[in-house]
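These are the residues of each chain, in order.
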Amino acid sequence: MANVPEYFGSDVFNESVMKERLPKATYKALKKTIDNGDPLDIEVANIVANAMKDWAVEKGCTHYTHWFQPMTGLTAEKLDSFISPTEDGHVIMEFSGKELVKGEPDASSFPSGGLRATFEARGYTAWDPTSYAFIKEKALCIPTAFCSYNGEALDKKTPLLRSMEAINKSALRILKMFGSDATRVTANVGPEQEYFLVDREMYAKREDLILAGRSLYGAPAPKGQELEDHYFGTIKTRVQAYMKDLDEQLWKLGIYAKTKHNEVAPAQHELAPIYGTTNIATDHNQLTMEIMKRTARKHGFKCLLHEKPFAGINGSGKHNNWSISTNTGVNLLDPGKTPAENAQFLLFLTAVIKAVNDYQDILRASVASAGNDHRLGANEAPPAIISIFLGDELTGVLDAIVNGVKYEDKRVEMEIGVDVLPHFPKDTTDRNRTSPFAFTGNKFEFRMPGSKLSVAGPNTVLNTIVADVLDQFADELEKADNFQDALDDLIKRTIKENQNIIFNGNGYSDEWPVEAEKRGLLNLKSTPEAVPAFLAQKNVDVFSKYGVYTEAELQSRVEILLDEYCKTLNIEALTMIDMAKKEILPAAAKYIKDIAKTAELAKSCGAETVFEEETVKEISALVTEMYKALGTLEADVQKVHSIEDTQEMANFFHDTIFADMGALRVPADKIETLVGKDYWPYPTYSDLLFYV
Ligand code: ADP
Ligand code: MG
């Protein structure tokens, strides 16, 4: 492989390719569309499409696809070839502006949450020129938004793009008052991606991993993560080869894969990219997940992106590092060097704090999934309660501002717009790993998203709720006679009113949920509990105000999330039943039979049979317990289908079926520890986690 700068982005129709291949006027017009969202006329689109096609064909492509992100949280594509018949029975390769700009994949089987029943069934894809086209598996991929005939968003990208526009507008209003010459504000994200790698042959022997993406049974291995010898440890050769291959492929796609390391749990790893605008970072993260999985196959691994593949050890998250910056290169969450910059920083900081407090319910709902329910609050990931960690220093400064007293280290007396904030070194703001929403020096790290989740959802919410608070601030400040006084008052008041959400303590402690309840913070523990927040009136109001989600679009998301939750649990329950009947109980029976036979033989020789008899008794008792639990689960799975309301069904899955599944797993895992290895039907946690 040539050196990295040479091949980086070689499969991307990026700025330099555009410059090289497009006539100057076309390039300029396209650039205007990319930078400012100006509409592109069809003539220009025709030239761009043709240049894209030539470039792709030279690189061996025969097909193109509109690449989109339906509400499944995955990516979708429908390939069309470039061929176009000629009169003499040959073909030429063609790609028109019309085909570039708009597609009609129909794609009516994607979940629409009822949006399509009421309107035209057809789905349309529309080019998102702000995200570069790229080549994947010999196909030219055009990043697109996916909408219904009436323009309702059937995907994750459309609302995200709308939310970026919302935060751009409201942040610019604020900046104008500070005399900034910025003309565009973007929200950025750097998603840290955690994942597990297990040996593919072993994976193939576990029905639960294949069908549910997580182990539904499994006794803990004698060794877990207690030695912490895996975290940042030397990466094993086979994993290293995988990571190298993965990096190379991501780099070719222009994805800034930056850091890689082993994580806390055995067989767990992390990849973090350099951050980008929220829509490109989302596209890149979706691609990263896809390529992680594909590359794993090549190296004899299975890449597990589930939030909790194994009980008893850490699950996987996707830390969402979020900031907002201007096109003049200012990070608005970076404390500045001058008093004016600091006042501006404090205003943006308090806007985020207020937004997270006012909209904690929907922020929580934006990361809800059956898989993530296992993670949140499980002593490895933040609890389901949203709070903000600011670190002692920044909290001290805010307290001093509210109380009008000197900041404790006496160096400064904080007066907004007059004084300079003390400098916060990154390491003092980054110690608390138990917080769901931590300020880390110049960005916020939202740690609740699960590893499998598309980051589109949480960032759509973050962008919109912060936009709303910024607009409230702007409304107030624009009316003020004295900007400085009004600013001072606004910041003080906002901090005071939102102090309940700031928590620098241990989020894993037993005291925290009690304290949080006193503070009036929400604790939405499961998906069925969290999801209805999408339809709370204040949330419907804010999302429709910014045109990010209409009420119908929110309703559709609720339907889809609950439906997906129910289906996931249903698959898990059926898989557990299947494995119990076809694998675990037969294995236990066979072992009991053999041991009992051994006992008979031993007895006939006059030998002692304590082990045999005790083992037979112990396993038989567990088999009975398991059989009963199995019966309960089967009966409840039958019951669930008579429930019509989706919310009620989700509640039943959570309260009853999920509990049944837990009750079935307990005796099964105990049996695993008693039955001989040769008898056990599938690889154990030891095999899966420590073999590679
Ligand atoms: P840590 O493990 O300490 O959280 P990592 O290096 O694993 O740090 O990941 C940090 C992530 O934060 C990276 O993806 C990085 O690009 C991203 N990041 C850094 N600065 C910003 C910023 N200003 N806005 C958004 N993301 C950022
Ligand atoms: Mg990290």
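Residues numbered from 1 in each chain as written. Chains lettered and ligands numbered in written order. Predicted model: local features only at pLDDT ≥ 70, side-chain atom pairs only at ≥ 80, totals over all residues.

In the annotation of an unreviewed UniProt entry, the entry for the protein chain reads Glutamine synthetase, and the organism field reads Ruminococcus bicirculans.

### Quick look at the overall build of the protein chain
Counting its secondary structure elements, the protein chain contains 25 helices and 17 strands. The C-alpha radius of gyration computed for the protein chain amounts to 28 Å, which stays within 12% of the reference 26 Å derived for 692 residues, consistent with globular compactness. Principal-axis analysis of the C-alpha atoms places the extent of the protein chain at approximately 100 × 85 × 55 Å. Every one of the 692 residues in the protein chain was classed for burial, and the buried ones make up 48%. In the protein chain, the share of contacts with a sequence separation of at least 24, taken over all contacts with a separation of at least 6, comes to 75%. (Helix = DSSP H or I, 4+ residues; strand = E, 2+ residues; numbered from the N terminus. Rg over C-alpha atoms; globule rule 2.2 N^0.38 Å. Buried ≥ 20, exposed ≤ 12 C-beta atoms within 10 Å, placed from the backbone. Contact = placed C-beta atoms within 7 Å.)

### Details of the site of ligand 1
If you check the shell around ligand 1, you find 16 residues, and the closest are Gly190, Ala272, Tyr275, Asn321 and Ser323. Of all the elements in the fold, those that place two or more residues in the shell around ligand 1 are β9 (185–199), β11 (268–273) and β14 (318–326). Across the shell around ligand 1, the residue classes tally to six nonpolar, eight polar and two charged. (Near = placed C-beta within 6 Å. Nonpolar A, V, L, I, M, F, W, Y, C, P; charged D, E, K, R; others polar.)

### Some thoughts on the domain arrangement of the protein chain
Assigned domains of the protein chain: these are domain 1 (4–153), domain 2 (164–549) and domain 3 (564–690). Computed from C-alpha coordinates alone, the two centres of domain 2 and domain 3 are separated by 39 Å. Among the secondary structure elements, those contributing two or more residues to the side of domain 2 that touches domain 3 are α9 (207–212) and α20 (527–530). When residues of the side of domain 2 that touches domain 3 are assigned to their parent elements, the largest contribution, four residues, is made by α9. In terms of residue class, the side of domain 2 that touches domain 3 is built from 15 nonpolar, three polar and five charged. (Domains from an automatic or database assignment.)

### Overview of helix α23 (residues 610–640)
Relative to the 45 Å expected for 31 residues at 1.5 Å per residue, α23 spans 45 Å between its end C-alpha atoms, a close match to the ideal helical length. Restricting attention to buried positions, one finds in α23 the residues Glu612, Thr615, Ile619, Leu622, Met626, Ala629, Leu630, Leu633 and Val637. Buried positions along α23 lie against α22 (551–604) and α24 (646–674). (Expected span 1.5 Å × (residues − 1).)

### Observations concerning the nonpolar core
Grouped together as the largest cluster of nonpolar side chains are 184 residues, with contacts concentrated most on Met52, Val356 and Val466. Per-element tally for this core: the top contributor is α22, with 16 residues. Residues in contact with Met52, not counting those within four places in the same chain, are Phe13, Phe95, Leu100, Ala133 and Leu140. (Core = buried A, V, L, I, M, F, W, Y, C linked by C-beta atoms within 7 Å.)

### Comments concerning unusual backbone geometry
Note: most residues except glycine have negative phi, and most peptide bonds are trans. The backbone phi angle of Glu137 is positive, close to 50°, even though this residue is not glycine. Positive phi outside glycine occurs at Ala267, with the angle close to 70°.

### With respect to the pairing of strand β13 (residues 301–304)
Burial along β13 is two-sided: the residues Phe301 and Cys303 and Lys302 and Leu304 are all buried. Here four bridges tie β9 to β13, and the two strands are oriented antiparallel to one another. Across the sheet, residue Val198 finds its bridge partner in β13, namely Lys302. (Pairing = 2+ DSSP bridges.)

### Details of helix α17 (residues 456–479)
Helix length check: α17, at 24 residues, gives a terminal C-alpha distance of 35 Å against a target of 34 Å (1.5 Å per residue), a fit within 8%. Most of α17 is tucked away, with 18 of its 24 residues classed as buried.

### Digging into the packing of helix α7 (residues 157–177) against helix α11 (residues 278–298)
The interhelical angle for the contact between α7 and α11, taken along N-to-C directions, is 155°, at an axis separation of 9 Å. In terms of orientation, α7 and α11 fall into the roughly antiparallel class. The residues of α11 that touch α7, namely those facing Lys157, Leu160, Leu161 and Met164, are Thr278, Asn279 and Thr282. (Axes fitted to C-alpha atoms, helices over the stretch in contact; angles between N-to-C directions. Parallel < 35°, antiparallel > 145°, perpendicular 65-115°, else oblique.)

### A word on the packing of α23 against α24
Two elements in contact, α23 and α24, have axes whose closest approach is 9 Å; the angle formed by their N-to-C orientations is 165°. One element, α23, and the other, α24, form an angle in the roughly antiparallel class. Of the two possible hands of crossing, α23 and α24 adopt the one that is left-handed. Of the residues that constitute the contact of α23 with α24, the class distribution is 19 nonpolar, three polar and five charged. (Left-handed = near helix turned anticlockwise from the far one by under 90°.)

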